[in-house]
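Structural overview for review
Each chain, letter by letter, is given below.
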Amino acid sequence: MISVQSLYKSFNQLEVLKDINLDVASGEVVVIIGPSGSGKSTLLRCMNLLETPTKGDIIFEGTSLVNKKVNIDKLREKMGMVFQHFNLFPHKSILNNLTLSPIKVKKIPKPEAEQVARNLLEKVGLAEKADNFPSQLSGGQKQRVAIARALAMQPDVMLFDEPTSALDPEMVKEVLQVMKDLAFEGMTMVVVTHEMGFAREVGDRIVFMDEGQILEVATPQQFFQNPQHPRAQEFLSKVL
Ligand code: ADP
Ligand code: MG
């Protein structure tokens, strides 16, 4: 579904991604881990062109994203993105947060968009919050709304950038559970996270990054029991 090929990204003189190669298959859950500043967010942001690659290519569903003619809006419809900070529309109800883009961008009739939205809120356990506003929700609830909002566009892949890092500990679990459900339903997912339990349990493959490079790609079992790269070993010794 996604093929990242010899991707480089620099910010001025700073080379942040160096020769990244990574394929994500349909239905696969790829978990990206690594120290802060290693380029994880930049890689995710290159995947949906929030950042422009300096060199290399990203092929998504057969189309090169480096091609100047690529329709970024159409691309982003197909790639749901969930950030550390939820970025909900503060002055819109939860229901309207979910229906806004489907109605505006996809021209879905309002009643249909609202039905889909209510089903998604049900799925993330927030059916009763449809008429509330974001400020009335806890962090964990907001993040579940953000996930539902991304799903409302019926994306082919979901990109998560540390979706639980800004949450109080007691709210992490409810968000991870929603992501787990999504994975088990077969959603293609690329997840940057520090939640090693989630990586181990839900990941099909672990990608370890450090200093702008992918140093190791392995199954969770291989990676957590027997990491090969010294820097992966060092990282795990600090976080486990
Ligand atoms: P991670 O998500 O792994 O913590 P990032 O991808 O956010 O890492 O950042 C990788 C490196 O790129 C860091 O050194 C960071 O300071 C730098 N960086 C990220 N975004 C920008 C930007 N817009 N301009 C300049 N430097 C950036
Ligand atoms: Mg980051």
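These figures come from a predicted structure and were not determined experimentally.

This part takes up the overall build of the protein. When you go through the protein residue by residue, the secondary structure sums to 9 helices and 10 strands. For 240 residues, the compact-globule estimate of 2.2 N^0.38 gives 18 Å, and the C-alpha radius of gyration of the protein, at 18 Å, lies within 12% of that figure. Structurally, the protein occupies a C-alpha span of about 55 × 45 × 30 Å along its principal axes. Within the protein, the proportion of its 240 residues that are buried is 50%. In the protein, 66% of the contacts between residues at least 6 apart in sequence involve partners at least 24 apart. Only carbon and sulfur atoms are counted for the fraction: they give 47% of the accessible area of the protein, which is about 11,500 Å². Distance from the positive charge centre (27 side chains) to the negative charge centre (29 side chains) of the protein: 6 Å.

If you check the shell around ligand 1, you find F11, L14, V16, P35, S36, G37, S38, G39, K40, S41 and T42 and nothing else. One nitrogen or oxygen atom from the main chain of G39 is found 3.0 Å from an oxygen atom belonging to ligand 1. Between an oxygen atom of ligand 1 and a side-chain N or O atom of K40, the distance comes to 2.8 Å. Here ligand 1 loses 59% of its free accessible area of 560 Å² to cover by the protein chains. Residue assignment for the shell around ligand 1 shows that the elements contributing at least two residues are β2 (14-24) and α1 (40-47). Counting residues per element, the shell around ligand 1 draws most heavily on α1, at 3 residues. Per-class residue counts for the shell around ligand 1 are 4 nonpolar, 6 polar and 1 charged.

Before going further, it helps to spend a moment on the sheet that holds strand β3 (residues 29-33). In spatial order, the strands read β6-β7-β8-β3-β9-β10; together these 6 strands make up an open sheet with mixed pairing. One side of each edge strand has no neighbouring strand; the edge strands of this open sheet are β6 (79-82) and β10 (213-218). Between one strand axis and the next, the sheet turns by 15° as a mean value, whatever way the strands run. Pairing geometry for strand β9 (residues 205-210) and β10, over 5 bridges, is antiparallel. Residue F208 lies in a different strand from β10, and its bridge partner there is E216.

Looking at the protein as a whole, the pLDDT averages 97, with 100% of positions reaching at least 70. Across the predicted assembly, pTM comes out at 0.97 and ipTM at 0.98.

Before going further, it helps to spend a moment on the pattern of salt bridges. Overall, the coordinates contain 10 salt bridges when judged by the stated rule. With its nearest N and O atoms 3.6 Å apart, the salt bridge here joins K74 to E77. With K74 and E77 both in helix α2 (residues 72-78), this residue pair falls 3 residues apart, about one helical turn. For E77, a relative accessible area of 12% puts it in the buried group.

With that settled, the discussion passes to unusual backbone geometry. Positive phi, normally seen in glycine, also occurs at L49, with a value near 60°. Along the chain, the position of L49 falls in the loop between α1 and β4 (55-60). One non-glycine residue, N87, lies in positive phi territory at about 55°. Within the fold, N87 resides in the loop between β6 and α3 (94-104).

With that settled, consider the environment of I108. Take I108: it is sitting in the loop between α3 and α4 (110-123). Here the alpha-carbon distance between I108 and S93, two residues 15 residues apart in the chain, equals 18 Å. Beyond its immediate chain neighbours, meaning those up to four positions away, I108 contacts P102, I103 and A113.

One can describe the packing of α3 onto helix α5 (residues 139-151) by two numbers: an axis separation of 8 Å at closest approach and a directional angle of 25°. On the basis of their axis angle, the class for α3 and α5 is roughly parallel. In the crossing of α3 with α5, the sense of the turn from one axis to the other is right-handed. Listed contacts from α5 to I94, N97 and L98 of α3 are V145, A148 and R149. In terms of residue class, the contact of α3 with α5 is made up of 4 nonpolar, 1 polar and 1 charged.

The rules behind each value
- Residue positions within a chain follow its written sequence, with the count starting from 1.
- Starting at A for chains and at 1 for ligands, labels are handed out in the order in which the entities are written.
- Whole-chain, interface and lining totals are the exception, using all residues; otherwise, since this is a predicted model, local features are given only for residues with pLDDT of at least 70 and side-chain atom pairs are given and counted only at 80 or more.
- The basis for every side-chain value is the complete set of heavy atoms in the structure, and neither hydrogens nor water enter the calculation.
- Working definition: helices are DSSP H or I runs of at least four residues, strands are E runs of at least two. Numbering for both runs from the N terminus.
- Our radius of gyration is a C-alpha quantity, and the globule rule it is checked against amounts to 2.2 Å times the number of residues to the power 0.38.
- Remark: exposure states derive from per-residue accessible area (1.4 Å probe, protein chains only) relative to the maximum for the residue type, with buried under 20%, exposed over 50%, and partly exposed in between.
- Residue contacts are counted whenever heavy atoms from the two residues lie within 4.5 Å of one another.
- Here the accessible surface of atoms and residues is derived via Shrake-Rupley with a 1.4 Å probe, and residues count as covered only by protein chains that are part of the display.
- Under this rule, positive means Lys or Arg and negative means Asp or Glu; His and the chain ends count for nothing.
- Every charge is mapped onto a representative atom, which is NZ of Lys, CZ of Arg, CG of Asp or CD of Glu.
- Any residue with at least one heavy atom within 4 Å of a molecule or strand is counted as near it.
- The definition of a polar contact used here is a pair of N or O atoms within 3.5 Å, where within protein one atom must be able to donate a hydrogen and the other to accept one, and adjacent residues in sequence count solely through side-chain atom pairs.
- Note on residue classes: Ala, Val, Leu, Ile, Met, Phe, Trp, Tyr, Cys and Pro are nonpolar, Asp, Glu, Lys and Arg are charged, and everything else, Gly too, is polar.
- Whether two strands pair comes down to DSSP finding at least two bridges between them.
- To get an axis, a line is fitted to the C-alpha atoms, and for a helix only the part in contact is used. The angle between two axes follows their N-to-C directions and goes from 0 to 180 degrees.
- Confidence scores labelled pLDDT are given residue by residue by the predictor and lie between 0 and 100.
- For salt bridges, the criterion is a side-chain nitrogen of Lys or Arg within 4 Å of an Asp or Glu carboxyl oxygen.
- Should an angle fall under 35 degrees it is taken as roughly parallel, and over 145 as roughly antiparallel, whereas 65 to 115 is taken as roughly perpendicular and any remaining angle as oblique.
- By convention the crossing between two helices is left-handed if the near helix lies anticlockwise of the far one by an angle smaller than a right angle, and right-handed if it lies clockwise.

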